Amino acid sequence: MRKSGGDKRPYLKPVLRVELSQDNITLRIVLAVVLLAVAIVAIGYGLNAALTVEPGWETVETTAETPTWSQDFVLRYYFDGENPTELKRQVTRAYTEASEFGFRLFSPETMEYGFYNVGYLNDHPNEDVQVLPDLYPALEQAAASGSRHVFLAPAMAEYASLFSCTDDATASSLDPGKNPEEIAWLAELAGYVRDPEHIRLEIKGEGKVRLVVSQGYLDFAEKYEIDTLFDFGVAHHAFLADFLAEKLSVQGFTNGYLASFDGFTRNLDSRGTSYDLNLFHRNGTDICQPAKLRYSGPMSIVALRDYPLSEKDRRRCYVYEDGTIVSAYLNPETCLSAAEMSDLVLYDPSLSCGQLALKALDLVVSGTIQPEALDGVNAIWYEGDTIRYTDHENPPELVTDTVQYNLKEA
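Owing to the predicted nature of the structure, the values given are computational and were not obtained by experimental measurement.

Peer 1: Would you explain the confidence of the model for the protein in this entry?
Peer 2: Caution applies to low-pLDDT regions: their predicted coordinates should not be interpreted in detail. In this model, the protein carries a mean pLDDT of 89, and residues with pLDDT of at least 70 account for 87%. The low-confidence segment residues 1-50, where pLDDT is below 50, has one contact with residues more than four positions distant or belonging to other chains.

Peer 1: Explanation requested: the pattern of salt bridges in the structure shown.
Peer 2: Scanning the entire structure with this criterion turns up 18 salt bridges. In this structure, the salt-bridge partner of D134 is K247, at a minimum N-O distance of 3.2 Å. Of this pair, D134 sits in the loop between β3 (128-130) and α4 (136-145) while K247 sits in helix α9 (residues 236-249), and the two are 113 residues apart along the sequence. The class of D134 is partly exposed, set by a relative accessible area of 30%. Of the residues examined, K247 reaches a relative accessible area of 25% and is grouped as partly exposed. Between K204 and E202 there is a salt bridge whose closest N-O contact spans 3.0 Å. Residue K204 is classed as partly exposed on the basis of its relative accessible area of 41%. One salt-bridge network, held together by shared partners, links R200, E202 and K204.

Peer 1: What's the story with the environment of L258 in this structure? I'm lost.
Peer 2: Mapped onto the fold, L258 is located in strand β6 (residues 256-260). Residue L258 is classed as buried on the basis of its relative accessible area, which comes to 1%. For L258 and D242, which are 16 residues apart along the polypeptide, the C-alpha to C-alpha distance reads 9.4 Å. Beyond its immediate chain neighbours, meaning those up to four positions away, L258 contacts F73, V74, L75, Y95, A241, L244, A245, F264, T265 and R266.

Peer 1: How do you make sense of the sheet that holds strand β17 (residues 386-389) when you look at a structure like this?
Peer 2: Hydrogen bonds along the backbone pair up the strands of a sheet, which may run parallel or antiparallel. In spatial order, the strands read β1-β2-β6-β7-β10-β15-β16-β17-β19; together these nine strands make up an open sheet with mixed pairing. Edge positions in the open sheet fall to β1 (56-60) and β19 (406-409), since each of these has one partner strand only. Going across the sheet, the axis of each strand differs from the next one's by a mean of 15°, ignoring polarity. Sheet analysis places strand β15 (residues 343-348) next to strand β16 (residues 378-383), joined by four bridges and oriented antiparallel. Counterpart to L344 in the pairing with β16 is W381. Those strands touched by α9 are β2 (73-79), β6 and β7 (264-267), and its axis lies near 15° from that of β7. Strand contacts of helix α10 (residues 353-366): β7, β10 (299-305) and β15, with the helix running at about 30° to β10, the strand carrying the most contacts.

Peer 1: Sorry if this is basic, but what is going on with the nonpolar core here?
Peer 2: The tendency in soluble globular proteins is for nonpolar side chains to be buried as a group. Counting 92 residues, the largest nonpolar core has F106, F230 and F232 as the members making the most contacts within it. Ranked by size, the runner-up nonpolar core spans 16 residues in total, among them Y295, M299, V345 and Y347.

Peer 1: Would you explain a negative patch on the surface in this entry?
Peer 2: Residues E109, D123, E127, E225 and D227 make up a contiguous surface patch of negative charge. Relative to the elements of secondary structure, D123 occurs in helix α3 (residues 118-123).

Peer 1: Help me understand the packing of aromatic side chains, please; the structure alone is not making it clear to me.
Peer 2: Each pair of aromatic rings is reported with the distance of its centres and the angle of its planes. For the structure on display, the rule yields 24 aromatic pairs. Ring plane angle 40° and centroid distance 6.2 Å describe the contact between Y217 and F220, whose orientation is recorded as tilted. Of this pair, Y217 and F220 both sit in helix α8 (residues 215-223), three residues apart, which is roughly one turn of the helix. In this structure, Y217 and F220 share a single accessibility class: buried.

Peer 1: So what exactly am I meant to see when it comes to the packing of α9 against α10 here?
Peer 2: In helix packing, the relevant descriptors are the interaxial angle and the interaxial distance, both defined with respect to the helix axes. As a packed pair, α9 and α10 sit with axes 7 Å apart at the nearest point and diverge in direction by 165°. Taken together, the axis directions place α9 and α10 in an arrangement best described as roughly antiparallel. Relative to α10, the crossing made by α9 is right-handed. Touching A238, F239 and D242 of α9 are C353, G354, A357 and L358, all from α10.

Analysis parameters
The numbers attached to residues start from 1 for each chain and follow its sequence in the written order. With pLDDT at 70 or above as the cut-off, local features in this predicted model cover only qualifying residues; side-chain atom pairs require 80 or more to be listed or tallied, and sums for whole chains, interfaces and linings still use all residues. In computing side-chain properties, one takes all heavy atoms of the structure into account and sets aside hydrogens as well as water. As a per-residue measure, pLDDT tells how confident the predictor is, with possible values from 0 to 100. Contacts are assigned to residue pairs that have any heavy atoms within 4.5 Å of one another. Any carboxyl oxygen of Asp or Glu that lies within 4 Å of a side-chain nitrogen of Lys or Arg is treated as forming a salt bridge with it. Per the convention used, a helix needs a DSSP run of H or I reaching at least four residues, while a strand needs a run of E reaching at least two, with both numbered from the N terminus. Buried residues are those whose accessible area, probed at 1.4 Å on protein chains only, stays under 20% of the maximum for their type, while exposed residues exceed 50% and partly exposed ones sit between those limits. When DSSP locates at least two bridges between a pair of strands, those strands are taken to pair. Note on geometry: axes are lines fitted to C-alpha atoms, helical ones only across the stretch in contact, with angles between N-to-C directions running from 0 to 180 degrees. Here, nonpolar core means buried Ala, Val, Leu, Ile, Met, Phe, Trp, Tyr and Cys residues that are tied together by side-chain atoms lying within 4.5 Å of each other. For patches, a residue must show more than 30% relative accessible area and have no salt bridge; joins then use 9 Å for like charges and 5 Å for nonpolar side chains, namely Val, Leu, Ile, Met, Phe, Trp and Tyr. All accessible areas in this document rest on Shrake-Rupley with a 1.4 Å probe, and a residue is counted as covered only by the protein chains that are shown. Asp and Glu are treated as the negative residues and Lys and Arg as the positive ones, with His and the ends of the chain left uncounted. By convention, the point assigned to a charge is CZ for Arg, NZ for Lys, CD for Glu and CG for Asp. Under the pairing criterion, centres of Phe, Tyr and Trp rings, with the six-membered ring standing for Trp, must be within 6.5 Å; the plane angle then separates stacked pairs below 30 degrees from edge-to-face pairs above 60, leaving the rest tilted. With respect to orientation, any angle under 35 degrees is reported as roughly parallel, any angle over 145 as roughly antiparallel, any angle of 65 to 115 as roughly perpendicular, and every other angle as oblique. By the definition used in this description, the sense in which the near helix is turned from the far one sets the handedness, with an anticlockwise turn below a right angle giving left-handed and a clockwise turn giving right-handed.

The following block contains the structure:
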């Protein structure tokens, strides 16, 4: 609406016009050319300084123009050699292409004609699907593990709203564990999720996979408008890290490591460089870093925790004001949040992050670890103020004096 009451603009002094003589035209042109040249040189210098890479550690970011999950990862890389600037361009290009393709490959929401990814597999239950070669190893590992965590997508969808809450009142109203009707529905869902007769992956060989789903579960899914019955769940970033690491490795880009915010790391570095893994622990409502693990060489690392360390963790847990935590670690037996351990680290130089993640999730929800059942995988966990570990050749190192912790080999 236009306002009335006259012109209320502030008074401005009239512009003073100065006429230059024709004698000054040449000078003006010369000055303009000189200033333009200076500006171009300055801009060029600035761009060159920004794009030039000195030997050493750099964070590599994608230049993706399509959706990726790269914002959930950090790629740190050591650039050396005669032309580190060109090397960074190559690594950036490879990382960008892998990130863009990885999003399409692992996203259950991505549906493209002739693109046989996780989304296609969900949309074609009880069919032999010739999945894309880059997806096949992850599906093989998921099937071989026997883990039921990859079938928790319908339950996880019920927790998504809770994790985005900013106050306890809203959180309580959306918390499935506080709603009797929701608990009953999740119990019915769990009857399908935990039973291989109702849903499982069958590896047919030669790149073919079948998502086997019973008619009863299909009817249940149709009734409640469930679209996704299978994905990699909270192990998603673990399998994605494996994919990205493989794409970088095959091109010879191995002088660094890739880590996700939710605890999945692939170290590619075979130069003998020493790395420190910070070991965190939640003791009640207190969080500290009592120890670190020093290691070298290529390594897959899974560090599960049921508490937030960054703003991004709001997507995977909610902390009530009284300290109660609801995490994304769901128990397939009940489809309810049920982390029995606050911290667990598994690491291995030969297994993938995906393989370690599925093993770790089963341990976190069970709350018990039998070292002999780890099949040689190294583990670090807490029992009160005692840090238990299985790697007798390379134990963790205590780094804090404020809280007393003890180290004990399992």
